[in-house]
Structure formats: C-alpha cells, structure tokens
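Analysis of the macromolecular model
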Amino acid sequence: MTMHNDIIEKTIHFVQQQLQGAEAGHDWFHVERVWKTAKQIAMQEKADLLTVELGALLHDIADAKFHNGDESLGPRIAREFLEREQVAEPVIISVENIIRHISFKGSYDTESYRTIELDIVQDADRLDALGAIGIARAFNYGGFKNRKLYDPAIKPVQYATREQYKTNEAPTINHFYEKLFLLKDKMNTKAGKKMAEDRHRFMETFVEQFYREWNGLN
C-alpha cells in the first residue's frame, strides 16, 4: 500500500502543477472531486483501485476542448508521466483508455472500450457535471466561451454526431437538455445511479426557477 500511496501522491502533485491556471470547471478541484467520488464508488465494485485512482486523477490532464481538439495529448502526457514513475504497463494502458473514452462525446461512438474501472471514473466525472456543482460548472464554461445564458429563439437539439456536439455554441440553458439531463440514465454503476438521482432533481428545480425568473414570475 505504501507504493500505491506514493504514486498517488506524486500524481496529485503532477496534476496540480499541470492544471495551474486551468478553467475553473476543469481545474484541480474538479479533478479532486472526481477522484474522491471514484474512490467512493470503487469501494462497492470489484475494480483495480490503482487504475481507478490514476484514471480519475489524470482524466483531464489535457482536455481536448482546451487544446485545439487534440484528443491524443491527454493519453500521451499521462503515459509519459506514468512511465517515468515506473508504473506497470497494463495499468498505463488502462489509464490511457480511460482518458480516451471517458467523455460524454464518446457516447456517440458505436463501438467503445469498456471496463469496470472506466465505468467508475466515468460515473464520477459525470456526477461532477450534475447538481449544484454541475450548474456552476455549466455557467462558468458558458461564460468562458462567451455564450448566452438563454435565448428562447434557440431551441435545444439532440446532436446526431460527436462533431456536432463538440462544435455547438448553444446558450448554456440548452446544455441542460443536450447533455446534463441525459446523464442520469447514462450512469454505469449502481452507486453512481443512486448519487445521480438526487443531483438530477436539484437541476430540474433550478431550471424551473430559472424560467420563472426569466419570465418575471414570482
């Protein structure tokens, strides 16, 4: 366990350094929340804890949306770091695959990599897109991209391809219908599904209140 704790501590330090100055919805605190939630879920599943922890800590090490869409950069940075730390090759491969397949846009792929470790980290990441934190992150990112809060003339759509999803510039409220409200039914684990239900209800209440206030209703 000492070796396990040692590599986790080194990975935490590495991620904190790499994500200095990152957009607030994808910064170290996001990673820390995902890591803690992933450990909680992993306690209820038969999974390799080291892979889960490393996958959670490194999942946003170079998010493609902040690197000109380069989806190879994150896995490459993670591999280089883990090789330096002499992590076993099977674990490195698993972590690379978690980084490649964790995102919501990956759900548009018909054939996708699946392991219990990915399921756990993906649930933890999706949970951080739900509830009060999810609302805060959505509007923070919308502001970062200079998107409207809401425009009644722009209706939510269901994107047919990952490219359409990646390149959309819809108002932030639309994001609730195009992604956030869909996450509850995409959870992989029993624990993840249970956690998602409460956060989902909170978002529904928020959106209802948003519309009331938008329309000048008490």
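What counts as what
Residues numbered from 1 in each chain as written. Predicted model: local features only at pLDDT ≥ 70, side-chain atom pairs only at ≥ 80, totals over all residues. Heavy atoms only, no water. Salt bridge = Lys/Arg side-chain N within 4 Å of Asp/Glu carboxyl O. Helix = DSSP H or I, 4+ residues; strand = E, 2+ residues; numbered from the N terminus. Buried < 20%, exposed > 50% of the residue type's maximum accessible area, 1.4 Å probe, protein only. Axes fitted to C-alpha atoms, helices over the stretch in contact; angles between N-to-C directions. Left-handed = near helix turned anticlockwise from the far one by under 90°. Contact = heavy atoms within 4.5 Å. Nonpolar A, V, L, I, M, F, W, Y, C, P; charged D, E, K, R; others polar. Expected span 1.5 Å × (residues − 1). Polar contact = N/O pair within 3.5 Å; in protein donor to acceptor, adjacent residues only side chain to side chain.

1. Digging into the pattern of salt bridges
Should the charged atoms of two oppositely charged side chains come close, the side chains can pair. In this structure the tally under the stated criterion is 13 salt bridges. One salt bridge connects Glu 85 with Lys 10, and the closest N-O pair in it is separated by 3.4 Å. Linking Glu 85 in the loop between helix 4 (73-84) and helix 5 (89-101) with Lys 10 in helix 1 (residues 2-18), this pair joins segments that are 75 residues apart in sequence. Judged by its relative accessible area of 37%, Lys 10 falls in the partly exposed class. Put simply, Asp 128 and Arg 33 hold a salt bridge, and the shortest N to O gap is 2.7 Å. Placement of Asp 128 in the loop between helix 6 (116-127) and helix 7 (131-144) and of Arg 33 in helix 2 (residues 28-42) is noted, with a sequence separation of 95 residues between them. Residue classification places Asp 128 among the buried residues on the basis of a relative accessible area of 4%.

2. Remarks on the packing of helix 1 against helix 4
Contact geometry for helix 1 and helix 4: axes closest at 11 Å, N-to-C directions at 140°. Classified by chirality, the crossing of helix 4 by helix 1 is right-handed. For the pair formed by helix 1 and helix 4, the contact residues are Lys 10, Thr 11, Phe 14 and Gln 18 on the first element and Ile 77, Phe 81 and Arg 84 on the second. Among the residues making up the contact of helix 1 with helix 4, the classes are represented as three nonpolar, two polar and two charged.

3. Description of helix 2
When the terminal C-alpha atoms of helix 2 are compared, their 21 Å separation across 15 residues agrees well with the 21 Å that a helix rising 1.5 Å per residue should span. Among all positions of helix 2, only Trp 28, His 30, Val 31, Val 34, Trp 35, Thr 37, Ala 38, Ile 41 and Ala 42 are buried. Elements that come into contact with the buried residues of helix 2 comprise helix 1, helix 3 (49-58), helix 6, helix 7 and helix 10 (190-214). The backbone nitrogen of Phe 29 has a side-chain oxygen 3.2 Å away, supplied by the residue at the start of helix 2, namely Asp 27.

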